[in-house]
Each structure stands twice: as C-alpha cells, then as structure tokens.
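# Architecture and fold: a report
Chain residues, written in single-letter form:
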Amino acid sequence: MTQRELLIIMPARNEAENLPGVLDRMEAGGVLSAADVLIINDASEDATGQVIARHGCRSVTNVFCLGYGGALQVGYKYAVREGYRYVIQMDADGQHDLCNIPVLYRRLAAEDHPDIVLGTRYMKESKSFPLSFAKRMAHLLFRFAIRVTTGEVISDPTTGLQGLSRRAFACYAQYDNFDTKYPDANILMQMLLLKFHVAEVPAVMHRRQAGTSIHSGLKPLWYMMRMTFSTLAVVFRIKVLKIGVGDIWGQVG
C-alpha cells in the first residue's frame, strides 16, 4: 500500500453490524483511495475481524479490550511510527457521516494550522440528531468548565469526531498525556491549557443503527463522576503543580 499524509482511525469493538456499511460508503465515496484507514479491533467478540479482512483495511487487533481511549492511543502510536501528517478519528458505528472527512481535512491544512479540529453538533451548519436532556446538561457543564479554566469557548467539548495535527497526536501517543479510559472534555481542557490551537467545524451526525453505545445503562453516571474529577485533576496538574508542561512541549515541539 502507498502511504498518504492522512490516516483515518476508527476504534471498533463488536461493530460487525455497523462497520460493513461504513466501509462500503467509504469505498463508494472514494475515501479509501484518498486516505489510509486504520481500524483498531478492540478484542471484538463478534465478526468485526472478518469484516475488516474482507475490506482489506489496515488494522490492529488488541488481544485484550483496552477501551475506547486505549484503542485510540494505539492508533496515535501507529500514526507517529508511520510518519503521518494528519489524523482524523471517527466512530465505526456510522454516527459520523463521511461528508465530515474533507471538512476536517481542509481545516487541518488551513494557513493557521490548528492542532485539533472538532466536528461540532452546535454550529449553524451542523446536522445532528436530538440529544437527551442529560447529555445536553453535560455539554453545558463542560463548556462552562472549559471557559472558566482556559478562557476559550468550545461548543462541543465531548465530540469524538476530531482531526489532529502531528503535533497533537504525537502528544497523545506519549505515556500519561492521554486518558485511555475516558478521553473527552478533560483532554481538550489539557490541550487548551497547554496552548494547543483548537478549532471547530460543523458536523453531520446520525443515530447508531445497531449495537450498544459505550455510554449505555448506568455508564453515563460513572462517566460524569470520573470526568468531573479528571478535569479538576488536569487543572491542578498543569496550573498549580506545572507537571508535564515542559515534558509535553519537549516531546512535540
């Protein structure tokens, strides 16, 4: 395979029902000929591995389940090792429309060279499905926390649809720079405090068609508790103790 400058990373755990449609649309839309696609099969217990093999995509199979964040970090390490310039991360369940890929890519390559480009559900041109009351409240809470601690206004701090420059994903690939359990508003806050350039673009998103979300059941409650403590820890670590600031810049500067 000929390597390109853009790598699309998709963590997948038990996505045998959704992944074929995503990959078929990628092939029909020319994505597979314009970018490299890496699927991280996170110890799936269904036919996800067979789906990946049929489509001939690059893949990494985790023997043990690392979780969403752990699978993403495997992708970042791969991107660093293979010398990619940009990474776009998206879900394997079909919620992130493929039309977002060129939008993220163009913004990453813009003259101001953002480090992180977020695909947001809250811009005028965005198209998204209705969110639950709990999720809307979580977004409001994290927006407020980010604005208070960093001075920046981010409309969608929990979006998983992101474009990353090499500077950003090289930072994430390093040990202890990335929350492998719940990489969300806490990581975004970290990067803003470290003066990484974050931009947003409108995104088109859909409902999951099959399978179970990683935020199903009682998991959202645990997620909110963990995220609250994690964001506080990020602020204390960077603004008070100054831990990791010089190390991160030394790694990616």
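Chains are numbered independently. Their residues run from 1 in the order of the written sequence. Whole-chain, interface and lining totals are the exception, using all residues; otherwise, since this is a predicted model, local features are given only for residues with pLDDT of at least 70 and side-chain atom pairs are given and counted only at 80 or more. The side-chain quantities take in all heavy atoms of the structure and omit both hydrogens and water.

### Side note on the side chain of His 139
Helix and strand definitions follow DSSP, with helices as H or I runs of at least four residues and strands as E runs of at least two, each counted in order from the N terminus. In this structure, His 139 sits in helix α6 (residues 133–150). Residue contacts follow a heavy-atom distance rule, with two residues in contact if any of their heavy atoms lie within 4.5 Å. Setting aside its immediate chain neighbours within four residues, His 139 contacts Arg 121, Tyr 122, Leu 131, Asp 156, Pro 157 and Thr 158.

### Quick look at unusual backbone geometry
Phi at Ala 43 takes a positive value of approximately 55°, unusual for a residue other than glycine. With respect to the helices and strands, the residue Ala 43 is situated in the loop between β2 (36–42) and α3 (48–55). Take Ala 43: its relative accessible area is 16%, and that puts it in the buried class. For every residue, the accessible area obtained with a 1.4 Å probe (protein chains only) is divided by the maximum for its type, and the residue is called buried under 20%, exposed over 50%, and partly exposed between those limits.

### What to know about the packing of helix α1 (residues 19–28) against α3
With axes taken as lines fitted to C-alpha atoms, and helix axes fitted only over the stretch in contact, angles between N-to-C directions fall between 0 and 180 degrees. Contact geometry of α1 with α3 gives a least axis separation of 10 Å together with a crossing angle of 15°. Between α1 and α3, the angle is such that the two are roughly parallel. Read as a crossing pair, α1 and α3 show a hand that is right-handed. Contact residues: α1 offers Leu 19, Pro 20, Leu 23, Asp 24 and Glu 27, while α3 offers Thr 48, Val 51, Ile 52 and His 55. Lys, Arg, Asp and Glu make up the charged group, whereas Ala, Val, Leu, Ile, Met, Phe, Trp, Tyr, Cys and Pro make up the nonpolar group; the residues left over, Gly among them, are polar. Tallied by class, residues from the contact of α1 with α3 come to 5 nonpolar, 2 polar and 2 charged. The cut-offs work like this: below 35 degrees is roughly parallel, past 145 is roughly antiparallel, 65 to 115 is roughly perpendicular, and the gaps in between are oblique. Two helices crossing with the near one rotated counterclockwise from the far one by less than a right angle form a left-handed crossing, whereas a clockwise rotation gives a right-handed crossing.

### Observations regarding the pairing of strand β4 (residues 86–89)
Burial of β4 is two-sided: the residues Tyr 86 and Ile 88 facing one way and the residues Val 87 and Gln 89 facing the other way are all buried. Where β4 meets strand β6 (residues 162–165), 4 bridges bridge the pair, whose relative direction is antiparallel. Among the inter-strand pairings, Ile 88 is bridged to a residue of β6, identified as Gly 163. Here a strand pair is declared whenever DSSP counts at least two bridges between the two strands.

### Remarks on α1
Looking only at α1, the buried set comprises Leu 19, Pro 20, Val 22, Leu 23 and Met 26. The buried residues of α1 occupy an angular sector of 165° when the element is viewed end-on, so they sit on one face. Turning to α1, the residues buried within the fold contact β1 (6–12), α2 (31–34), β2, α3 and α5 (100–108). Following α1 by one or two positions, Gly 30 has its phi on the positive side, about 80°. For this quantity, the arc is that covered by the directions from the helix axis to the C-beta atoms.

### Some details on the pattern of salt bridges
Just to be clear on terms, a salt bridge is a Lys or Arg side-chain nitrogen sitting within 4 Å of an Asp or Glu carboxyl oxygen. Following the criterion strictly, the structure yields 10 salt bridges and no others. With a shortest N-O distance of 3.7 Å, Glu 5 and Arg 85 are connected by a salt bridge. With Glu 5 in the segment before β1 and Arg 85 in the loop between α4 (67–82) and β4, the pair connects residues that are 80 residues apart, well separated along the chain. Asp 179 is the salt-bridge partner of Arg 226, the closest N and O atoms lying 2.8 Å from each other. Of this pair, Arg 226 sits in helix α9 (residues 219–240) while Asp 179 sits in the loop between α7 (166–173) and α8 (185–193), placing them 47 residues apart in sequence. On the accessibility criterion, Arg 226 (25% relative accessible area) is partly exposed. Asp 179 gets classed as buried once you look at its relative accessible area, which sits at 13%. In this structure, a network of salt bridges that share partners links the residues Arg 4, Asp 36 and Arg 58.

### Concerning the sheet that holds β6
For sheets, the rule is that strands pair by backbone hydrogen bonds, running either parallel or antiparallel. Pairing in this open sheet of 7 strands is mixed, and the strands run β3-β2-β1-β4-β6-β5-β7 from one edge to the other. Unpaired on one side and paired on the other, β3 (58–62) and β7 (198–202) mark the two borders of the sheet. In this sheet, adjacent strand axes meet at a mean angle of 20° when their direction is disregarded. Sheet topology note: the β1/β4 ladder contains 4 bridges and is parallel. Bridge assignment links Ile 9 to a residue of β4, and that residue is Gln 89.

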